[in-house]
Amino acid sequence: LTENIRTQVVGETMWLRCWLIVALGTACCAVDKSNFKTCDQSTFCKRNRALEPGESSYHVVPETVVLSDSAVTMDIINKQNNVLFTAKIQALQDNTARIRINEKSPLHPRYEVEGALVSEPKTENWKVKRSSDGFQAVFGNSTAVITFSPFRLDFLVNNEVAVSVNNRGLLNIEHYRNKKVVVQEEEPAKVEDETEEPAEVDKNEEGDELGDLDEDEEDELDAPPVEDDSDEEAGMWEETYKTHHDSKPYGPSSVGLDISFPGSEHVYGIPEHADSLALKITKGSTDPYRLYNLDVFEYELNNPMALYGSIPFMVSHSADKTVGLFWLNSAETWIDITSATAG
């Protein structure tokens, strides 16, 4: 009896083990990764990921700062191209703050998400102390510290930094622009010497003169102005992924920003991904986490690829504080995660 039971158990175990190997192998091989766009295939992701930390080119214009009981508005200039932006920072109830940045004089209005919030958040008054290069605003047990040059925003809770915005200098807002074109100049008409006899010109049956242009020259005269992309990267105005062509009549318009959570070792959230609860380090090891709604039938585990839904909400947790971040932007989003301890 004992021998029979042992044989049966071993037989079941071996059968289950073989079945699991086959099933996992089938799941792994069934995912066609070519159907999932990578950061290198998304031109705006590739551009922003190539930026290196350093001093930000965005600076607050001090004379534009306007303070109120619960908010501040100000202009921010990108000193690389002198494009102006407007920023508004509001103090909200429950130790919450809201930041909004937009172009000051855009060629086209940017889309702003509607319906995501049940109602406008209630504001909370703050006490402001201004200095030559910024100001501090205290509300509840939180403090917002705004540095003008370069632009940086820190939020402190109980006098400890909980969130830092643009402290690595990776803020990057691609402004709307007109596409550059080069108009081909026509060569000046040749003045004939009066002493020379006029050249014979072929005419058709109706007496109209016939030119002697060859086919290539005729095409050049009929061609539209040549687009000048010498100072712009490929994919800024259009790109193709497999059979899908994406036309961008307004040009590049991505928004990139670095947000740090000092003192926290792990972050969570930004579903939906088939990955661990604590989000993994992506910088230097894998693609960023992608937020983009897809109707996915097959996917890999432990992978940052996008799935059915996307919720741009992240939570940072440590022994003494928990911080939530809501990125109110409905556009496709890529999120790189790095750690100071991980280099």
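Here's a quick rundown of the structure. (Residues numbered from 1 in each chain as written. Predicted model: local features only at pLDDT ≥ 70, side-chain atom pairs only at ≥ 80, totals over all residues. Heavy atoms only, no water.)

1. Comments concerning the packing of aromatic side chains
- In total, this model carries four aromatic pairs according to the counting rule given.
- For the cation-ring pair, Arg110 lies above Tyr176, with the distance from its terminal atom to the ring centre recorded as 4.9 Å. (Phe/Tyr/Trp six-rings, centres within 6.5 Å; stacked < 30°, edge-to-face > 60°. Lys NZ or Arg CZ within 6 Å of the ring centre and 35° of its normal.)

2. Re the pattern of salt bridges
- Summed over all chains, the structure comprises eleven salt bridges.
- Between Asp75 and Lys104 there is a salt bridge; the shortest N-O distance is 2.6 Å. Here Asp75, found in strand 2 (residues 71–78), pairs with Lys104, found in the loop between strand 4 (96–103) and strand 5 (127–131); they are 29 residues apart in sequence, far enough to count as distant.
- Using a relative accessible area of 9% as the deciding quantity, one classes Asp75 as buried.
- Under the relative-accessibility criterion, Lys104 is labelled partly exposed at 42%. (Salt bridge = Lys/Arg side-chain N within 4 Å of Asp/Glu carboxyl O. Helix = DSSP H or I, 4+ residues; strand = E, 2+ residues; numbered from the N terminus. Buried < 20%, exposed > 50% of the residue type's maximum accessible area, 1.4 Å probe, protein only.)

3. Things to note about the sheet that holds strand 17 (residues 266–269)
- Spatial strand order, 17-19-20: three strands in an open sheet with antiparallel pairing. Only two strands of the sheet have a single partner each, and these edge strands are strand 17 and strand 20 (322–326). Recorded for the sheet is a direction-independent mean angle of 25° between the axes of neighbouring strands.
- Bridge count between strand 17 and strand 19 (residues 313–317): four bridges; the pairing is antiparallel. Bridging from a neighbouring strand, Tyr268 pairs with Val315 of strand 19. (Pairing = 2+ DSSP bridges. Axes fitted to C-alpha atoms, helices over the stretch in contact; angles between N-to-C directions.)

4. Quick word on unusual backbone geometry
- The peptide bond linking Ser149 to Pro150 adopts the cis configuration, its omega dihedral lying at -10°.
- Examined against the element boundaries, Pro150 turns out to sit in the loop between strand 7 (142–147) and strand 8 (152–157).
- Following Pro271, the chain continues to Glu272 via a peptide bond in cis, the omega torsion being 25°.
- Position of Glu272 relative to the elements: it lies in the loop between strand 17 and strand 18 (289–291).
- A positive phi angle, close to 55°, is found at Asn158, a residue other than glycine.
- By secondary structure assignment, the location of Asn158 is in the loop between strand 8 and strand 9 (160–165).

5. Quick look at the nonpolar core
- Counting 36 residues, the largest nonpolar core has Met74, Ile146 and Met314 as the members making the most contacts within it.
- Of all elements in the fold, only strand 1 (58–67), strand 2, strand 3 (83–92), strand 6 (134–139), strand 7, strand 8, strand 9 and strand 18 reach the threshold of two or more residues within this core.
- Element by element, the count of residues in this core is highest for strand 3, at five residues.
- Ignoring any residue separated from it by four or fewer positions in sequence, one finds Met314 in contact with Phe261, Val267, Tyr268, Ile270, Leu279, Val323, Gly324, Leu325, Ile335 and Ile337.
- The next biggest cluster of nonpolar side chains, apart from the first, holds six residues, and it includes Val31, Ala274, Val296 and Leu307. (Core = buried A, V, L, I, M, F, W, Y, C linked by side-chain atoms within 4.5 Å. Contact = heavy atoms within 4.5 Å.)

6. Points about the pairing of strand 1
- Taken together, the six bridges between strand 1 and strand 2 define a ladder with antiparallel strand orientation. Bridging from a neighbouring strand, Val60 pairs with Ile76 of strand 2.
- Between strand 1 and strand 2, which follow one another and run antiparallel, lie three residues.

7. Some words on the sheet that holds strand 16 (residues 259–260)
- As summarised here, the arrangement of the six strands in space is 5-6-7-8-9-16, forming an open sheet in which the pairing is antiparallel. Sheet topology places strand 5 and strand 16 at the edges, where each strand pairs with a single neighbour.
- Here strand 5 runs beside strand 6; their pairing, made up of five bridges, is antiparallel. Paired with Ser131 across the bridge in strand 6 is Gly134.

8. Regarding the side chain of Ser70
- Secondary-structure assignment places Ser70 in the loop between strand 1 and strand 2.
- Owing to a relative accessible area of 11%, Ser70 belongs among the buried residues under this scheme.

9. Brief notes about a nonpolar patch on the surface
- A cluster of nonpolar side chains, namely Leu117, Ile311, Phe313, Phe326 and Leu328, defines an oily patch on the protein surface of about 420 Å² accessible area.
- Along the chain, the position of Leu117 falls in the loop between strand 4 and strand 5.
- What makes Leu117 partly exposed here is its relative accessible area of 34%. (Patch = residues over 30% accessible without salt bridge, like charges linked within 9 Å, V, L, I, M, F, W, Y side chains within 5 Å. Areas by Shrake-Rupley, 256 points an atom, 1.4 Å probe, with all protein chains shown as cover.)

Worth remembering: the numbers are spatial, not functional.
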